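Chain by chain, the residues run as shown.
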Amino acid sequence: MRNTFANEVTALAREDPRIILLSGDIGNKLFDDFKEIAPDRFYNCGVAEANMTGVAAGLAMMGFRSITYTITPFATVRCLEQIRVDVCYHNVSVIIVGTGAGLSYASLGPTHHSCDDIGFLRTIPNLTILCPCDTIEVRAALRAAVNRGGPTYLRLGKKGEPTIHLKNPDFQIGKAITVKYGTDCCILSTGNIMPVALTVAKILEEKNISTRIESFHTVKPLDLLKLTELFDQYSLIVTLEEHNLIGGLGSAVAEWITSQEKVMGKLLRFGTRDEFLPFVGEQEYARHYYGLDSQAITVEILKRLTRT
């Protein structure tokens, strides 16, 4: 995902002289092409991410399209006041890009995990939250964010994520994308955990359970029309995210349910627990610990389908 982001932001910089890229002392070689075509529009702000965010907001107030880039917890939690006051309060065009989101950097310990970022940021007015599931959605989300303007958080994985979409989908901010059709239950997935959702669907298909999958690439604003459609059509709706069960996609959907007079479908949420990961391991190990692997998810879905 990060390589795709670098390629796409470089392409955008060629097209739009307003694009300015600010880095928190990472990705220097990653952005060599960007620096070659726009050397005066790349700033390495060093290990000073809060300052980077403030600078980005100031440049946006001057008419630029600012994009900040660094490891997710350093782009978000460390800069929360600047995101809230400098960017969102002034409603300026800054795209905050966090790379290695969720458990992508599981092996580096909790300081590099970001299973709370959506929860923090979802409460801030004016901020759009985008969590693409693959490189195709990364390109589309970045372009859509630049064209739309305003404060945006773009939540990326790391590298090596598989391509999900066989062709460019009709990507619109706030509109979910149907990845797979099915008739018995539906999984709403956000971000780079989509391959797990597809594996779960394959296992369920082998048990004659037809599973629909939706890419909820936009966590804020939610696709409310799609939620209404799905909860009227399916007896079980599953949310899947590499984020704390508190504050993420599942929480947002649950909040929406409380505002409805009646919904037919039941909600089952999968995410990380309200704890710091007590062990060190790679991303797959961390997912297994939190029950975010395909086998564990399938077992819970089958239990719930049996009850319904």
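The shown structure was predicted, so the numbers you read here are calculated from the model rather than taken from an experiment.

1. Considerations on unusual backbone geometry
Then, in step 1: In this model, lysine 220 is joined to proline 221 through a cis peptide bond whose omega is 0°.
Then, in step 2: The topology assignment puts proline 221 in the loop between β10 (218-220) and α9 (224-233).
Then, in step 3: Even without a glycine there, the phi angle at asparagine 91 is positive, about 55°.
Then, in step 4: Here asparagine 91 shows up in the loop between α5 (80-88) and β4 (94-99).
Then, in step 5: The class for asparagine 91 is partly exposed, based on a relative accessible area of 42%.
Then, in step 6: A positive phi is found at asparagine 126, a non-glycine position, where the angle reads about 75°.
Then, in step 7: Structurally, asparagine 126 can be placed in the loop between α6 (117-122) and β5 (128-130).

2. Concerning the sheet that holds β10
Then, in step 1: Judged by pairing direction, the sheet is mixed, and its seven strands sit side by side in the order β2-β1-β3-β4-β6-β5-β10 without closing on themselves. With partners counted over all chains shown, the strands left at the sheet margins are β2 (42-44) and β10, one partner each. Averaged over all pairs of adjacent strands, the angle between their axes in this sheet comes to 20°, without regard to strand direction.
Then, in step 2: Judged from the three bridges that link them, β5 and strand β6 (residues 152-155) form a sheet pairing that is parallel. Along β6, the bridge assignment pairs isoleucine 129 with tyrosine 153.
Then, in step 3: Strands in contact with helix α3 (residues 49-61) are β1 (19-23), β3 (65-71) and β4; relative to β3, the strand with the most contacts, it is inclined by about 165°.

3. What about the packing of α9 against helix α10 (residues 249-258)?
Then, in step 1: Two elements in contact, α9 and α10, have axes separated by 12 Å at closest approach and are oriented at 75°. When the axes of α9 and α10 are compared, the pair comes out roughly perpendicular. Counted together, Leu224, Leu227, Thr228 and Phe231 of α9 and Val253, Trp256 and Ile257 of α10 form the full contact between these two elements.

4. Focus: the pairing of strand β9 (residues 211-215)
Then, in step 1: Taking burial as the measure, the five residues of β9 include five buried ones, the bulk of the element.
Then, in step 2: Neither face of β9 is exposed, since Thr211, Ile213 and Ser215 on one face and Arg212 and Glu214 on the opposite face are all buried.
Then, in step 3: Tracing the backbone out of strand β8 (residues 185-189), into helix α8 (residues 194-206) and back to the parallel element β9 gives a crossover that is right-handed.

5. Topic: the side chain of serine 215
Then, in step 1: Relative to the elements of secondary structure, serine 215 occurs in strand β9.
Then, in step 2: Classification of serine 215 by relative accessible area gives buried; the value is 1%.
Then, in step 3: Setting aside anything within four residues of it in sequence, one finds serine 215 in contact with Cys133, Glu137, Ala176, Ile177, Val179, Ser189 and Met194.

6. Observations concerning the pattern of salt bridges
Then, in step 1: For the coordinates displayed, the defined rule picks out 16 salt bridges.
Then, in step 2: With a shortest N-O distance of 3.6 Å, aspartate 32 and lysine 35 are connected by a salt bridge. Here aspartate 32 pairs with lysine 35, and both are found in helix α2 (residues 32-37), just three residues apart, close to one helical turn.
Then, in step 3: For aspartate 32, a relative accessible area of 36% gives the class partly exposed.
Then, in step 4: A salt bridge links glutamate 284 to arginine 287, with the shortest nitrogen-to-oxygen separation between them at 3.5 Å. In this pair, glutamate 284 and arginine 287 are both assigned in helix α11 (residues 283-289), three residues apart and thus about one turn of the helix distant.

7. A look at the environment of alanine 101
Then, in step 1: Take alanine 101: it is sitting in the loop between β4 and α6.
Then, in step 2: In this structure alanine 101 comes out as buried when scored by relative accessible area, which is 4%.
Then, in step 3: Separated by 91 residues in the primary sequence, alanine 101 and asparagine 192 have C-alpha atoms spaced 8.8 Å apart.
Then, in step 4: Apart from the residues lying within four places of it in its own chain, the contact partners of alanine 101 are Thr72, Ser114, Arg155, Leu156, Gly157 and Glu242.

8. Regarding the environment of isoleucine 37
Then, in step 1: Tracing the backbone through its elements, the reader meets isoleucine 37 in helix α2.
Then, in step 2: When the C-alpha positions of isoleucine 37 and arginine 14 are compared, they lie 7.1 Å apart, and in sequence the two are 23 residues distant.
Then, in step 3: When sequence neighbours within four positions are dropped, the list of residues in contact with isoleucine 37 reads Thr10, Ala13 and Arg14.

9. What to know about the environment of isoleucine 71
Then, in step 1: Among the secondary structure elements, isoleucine 71 is positioned in strand β3.
Then, in step 2: As for isoleucine 71 and valine 97, which are separated by 26 residues in sequence, their C-alpha atoms are 8.3 Å apart.
Then, in step 3: The contact partners of isoleucine 71, leaving out residues within four places of it in the chain, are Ile26, Thr99, Tyr105 and His112.

Parameters and conventions
Residues numbered from 1 in each chain as written. Predicted model: local features only at pLDDT ≥ 70, side-chain atom pairs only at ≥ 80, totals over all residues. Heavy atoms only, no water. Helix = DSSP H or I, 4+ residues; strand = E, 2+ residues; numbered from the N terminus. Buried < 20%, exposed > 50% of the residue type's maximum accessible area, 1.4 Å probe, protein only. Pairing = 2+ DSSP bridges. Axes fitted to C-alpha atoms, helices over the stretch in contact; angles between N-to-C directions. Contact = heavy atoms within 4.5 Å. Parallel < 35°, antiparallel > 145°, perpendicular 65-115°, else oblique. Right-handed = clockwise from strand over helix to strand, strands pointing away. Salt bridge = Lys/Arg side-chain N within 4 Å of Asp/Glu carboxyl O.

It is worth stressing that arrangement in space is one thing and function is another; only the former is reported here.
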